[in-house]
Amino acid sequence: MRNPSYESYVKLLRFLISALWLSLATLIIGIGLLFSVARLVLPELGKYHDEVAAWVSDVLGQPVKIGGLAAGWHGLGPSVDLRDVTVLDATGRQAVLRCASARIDINLWESLRRWQFEPGQLTVSGLHLVVVRGADGGIAVMGLETMPQPAARDVSNRRALEQ
């Protein structure tokens, strides 16, 4: 004759294993749905040209003009492809740097955790800028010498720019 407590442990173990498999399956399906929705929505990002330009300006702390905009999927996450990018000085009148194209990979996991877009890797091609050497021997990009430091809540933006 079997021990009743042994049978209850076996039932509990079976229940926990079933619950674990169900949770894992639900998580995988949820992540799959999230990725599918993101891939469907990304091509519509071009309609939000001004909002993306404002977001890039906020991340850089400088006014930015963007000629063209597209979005896609790069690696394991979404990316924003920018064309004819011009970063302006703090007054917004003079171009500090220009690039033919730039791709901003969005840090998907950090964006989901904070419920806001968080930039990841930045890839730039066709970059034109003026580098100056100061009296102290330091090197800076002309027009960005007085770039404001991000607030404490924007540490992730500063960290993304420094990478």
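Refer to the structure presented above.
First things first, this report covers the structure right here in the doc. Please read these numbers as outputs of a predicted model, since none were measured by experiment. (Residues numbered from 1 in each chain as written. Predicted model: local features only at pLDDT ≥ 70, side-chain atom pairs only at ≥ 80, totals over all residues. Heavy atoms only, no water.)

**Re the overall build of the protein**
To keep things clear, this is the line we draw: Under the DSSP-based scheme used, a helix requires at least four consecutive residues in state H or I and a strand at least two consecutive residues in state E, with every element numbered from the N terminus. Partly exposed residues are those whose accessible area sits between 20% and 50% of the maximum for their type, while under 20% is buried and over 50% is exposed, using a 1.4 Å probe and protein chains only. The contact criterion used throughout is that any non-hydrogen atoms of two residues lie within 4.5 Å. Residue-level accessible areas treat just the shown protein chains as cover; the underlying method is Shrake-Rupley with a 1.4 Å probe.
Within the protein, the secondary structure is distributed over 4 helices and 6 strands. Secondary structure elements in the protein, listed N-terminal to C-terminal, are α-α-β-β-β-α-β-β-β-α. The buried share of the protein, taken over its 163 residues, is 25%. Pairs at least 24 apart in sequence give 43% of the contacts found in the protein among residues at least 6 apart. In the form shown here, the protein has an accessible surface area of approximately 11,600 Å², with 62% of it arising from carbon and sulfur atoms.

**A closer look at the sheet that holds strand β1 (residues 64–74)**
What counts here: Here a strand pair is declared whenever DSSP counts at least two bridges between the two strands. Axis definition: a line fitted to C-alpha atoms, limited for helices to the stretch in contact. Angles are taken between N-to-C directions and run from 0 to 180 degrees.
Spatial strand order, β1-β2-β3-β4: 4 strands in an open sheet with antiparallel pairing. Here the strands that pair on one side only, and so sit at the sheet edges, are β1 and β4 (119–129). Taking the axes of each pair of neighbouring strands and ignoring which way they run, one obtains an average angle of 15° across the sheet. Strand direction decides the pairing type here: strand β2 (residues 77–88) and strand β3 (residues 95–106), joined by 9 bridges, are antiparallel. Residue pairing across strands places leucine 82 opposite alanine 102, the latter belonging to β3.

**Section: the side chain of serine 57**
Its place among the elements puts serine 57 in helix α2 (residues 49–60). Accessibility expressed as a relative area gives 17% for serine 57, which makes it buried. Beyond its immediate stretch of four places on either side in the chain, serine 57 contacts Gln62, Pro63 and Val64.

By themselves, these figures tell us nothing about what the structure is for.
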